[in-house]
Amino acid sequence: MRSATLAPPSEDKRWRLVDATMRRHGHSPNALIETLHTVQESFGYLEDDALRYVAKSLHVPMSRVYGVATFYYFFSLKPAGEHRCVVCLGTACYIKGGKAILDTISEMAGIKPGQTTPDGRLSLLTVRCVGSCGLAPAVVFDDEVKGRVTPPEAIDRVKDWF
Amino acid sequence: MATVKTFKINDEDVSGREDETILQIARENDIFIPTLCNMEGLSSVGSCRLCLVEVKGWTKLATACVTKIQEGMEVYTDSERLREYRRMIVELLFSEGNHICAVCVSNGRCELQDMAQILGMNHLVVPYRRPNLKIDASHERFINDQNRCILCTRCVRVCDEIEGAHTWDVMGRGIEATVITDLNEPWGASQSCTTCGKCVQVCPTGALFEKGKSVAEMSKKREFLPYLTSMRGNGKAK
């Protein structure tokens, strides 16, 4: 078991949660994903300083940490936007035109899926299924699931967000 | 003591130690199997899929570089199907990046170019993607041109397994995957890079090359690898 000798990047109390996760796993390099989960959940995204701190504390190469952080969709390197628009691309929604909704919003907002507008107002995301296949195509606007959405409706809903 | 296994490659009787791979035995017997990601002295990852071979009785094709030999197996390294698959793999590699041999530092000494010639690839059936990828010339001695990278991960493995720096890794997934140094930072600013240049020497294409080299001038020096690998006591690739 290795102990952390590093001080967290800031005074922020949320680092205690991150430290606790690493301590629980004995600062083993295997705890990388678990630790990044805690950072993501506590801070909402993974800052470079956070990645550096986790890499050094767990003795994992920086490039591997970055590779893991960019491989899994769960992790985000940038803070999420004020509003979230999640377009379902599951089989049912895809067939019912989920892709067209996504493309329309993407073009209007000028961002690709997974990105946030430069002003930090809107994040456009995709998921594989929201479990509402009967309502296909489904889109989640912030925390509200809307079914049988058409591209104009979707635009109407998000146009004030960017 | 490792057990000796006897089997057949292309109807020819061959034998090897049980911990050896089909590729190793094929090479010992001068049987050619095309490869790109494999490199003697580094671990094998089986990612380029060029070394796919047929094994009698197996429904799937096997990657020769990571498949251990078995008693009595019958391996076939060349068939119309394999030739077609291999050519397709190289075509896809060409379409994915910007492999323009005429202006490349590695022209004439490039393993991708060699494979295209060996496998008889003379045109593409898929359109070129022509991605606009970045070139990192921040390092004092080397350049990383991602347009020519085929993601074989030799640089990642040599940096981790031989040099022990692990400056390189792969970020992202699918079509957006790229090799990176540290936290996707400029190579020249890397804290972990020791400037040893092993990654440059093992790179099969012109993606990693020395500064000051012009078209067709970059030849890779790989003599160090067998020596360093034997010094580490793991002469055989995993």
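Residues numbered from 1 in each chain as written. Chains lettered and ligands numbered in written order. Predicted model: local features only at pLDDT ≥ 70, side-chain atom pairs only at ≥ 80, totals over all residues.

Draft legend 1. Spatial organisation of unusual backbone geometry. In this structure, Pro137(A) follows Ala136(A) across a cis peptide bond, with omega equal to -5°. Note that Pro137(A) resides in the loop between strand 2 (122-127) and strand 3 (139-141). With a phi angle near 65°, Asp11(B) is a residue other than glycine that sits in the positive phi range. Mapping Asp11(B) onto the fold places it in the loop between strand 1 (4-9) and strand 2 (12-17). (Helix = DSSP H or I, 4+ residues; strand = E, 2+ residues; numbered from the N terminus.)

Draft legend 2. Quick peek at the interface of chain B and chain A. With 14 residues of chain B at the interface, the matching set in chain A holds 11 residues. Of all the elements in the fold, those that place two or more residues in the side of chain B that touches chain A are strand 8 (168-171) and strand 9 (178-181) of chain B. The dominant element in the side of chain B that touches chain A, judged by the number of residues it contributes, is strand 8 of chain B, at four residues. Looking at the side of chain B that touches chain A residue by residue, the classes come out as five nonpolar, six polar and three charged. (Contact = placed C-beta atoms within 7 Å. Nonpolar A, V, L, I, M, F, W, Y, C, P; charged D, E, K, R; others polar.)

Draft legend 3. Structural context of the confidence of the model for chain B. Residue and element names in this part refer to chain B. This prediction gives chain B a mean pLDDT of 94; 97% of its residues lie at or above 70. Across chain B, the element-wise mean pLDDT spans from 82 in helix 6 (residues 224-231) up to 98 in strand 8. The ipTM for the predicted assembly is 0.89, set against a pTM of 0.86. (pLDDT = per-residue confidence, 0-100.)

Draft legend 4. Expanded view of the domain arrangement of chain B. Residues and elements named next belong to chain B. Entries for chain B in the domain assignment read domain 1 (4-78) and domain 2 (84-219). If you look at the interface, domain 1 gives 12 residues, while domain 2 gives 17 residues. Classifying every residue of the side of domain 1 that touches domain 2 by side-chain character gives nine nonpolar, two polar and one charged. (Domains from an automatic or database assignment.)

Draft legend 5. Structural context of the sheet that holds strand 1 of chain B. All names here are of chain B. Ordered in space as 2-1-5-3-4, the five strands form an open sheet in which the pairing is mixed. The strands lining the two open edges of the sheet, one partner per strand, are strand 2 and strand 4 (62-63). Bridge count for strand 3 (residues 52-55) against strand 4 is two bridges, and the pairing is antiparallel. Among the inter-strand pairings, Leu52 is bridged to a residue of strand 4, identified as Thr63. (Pairing = 2+ DSSP bridges.)

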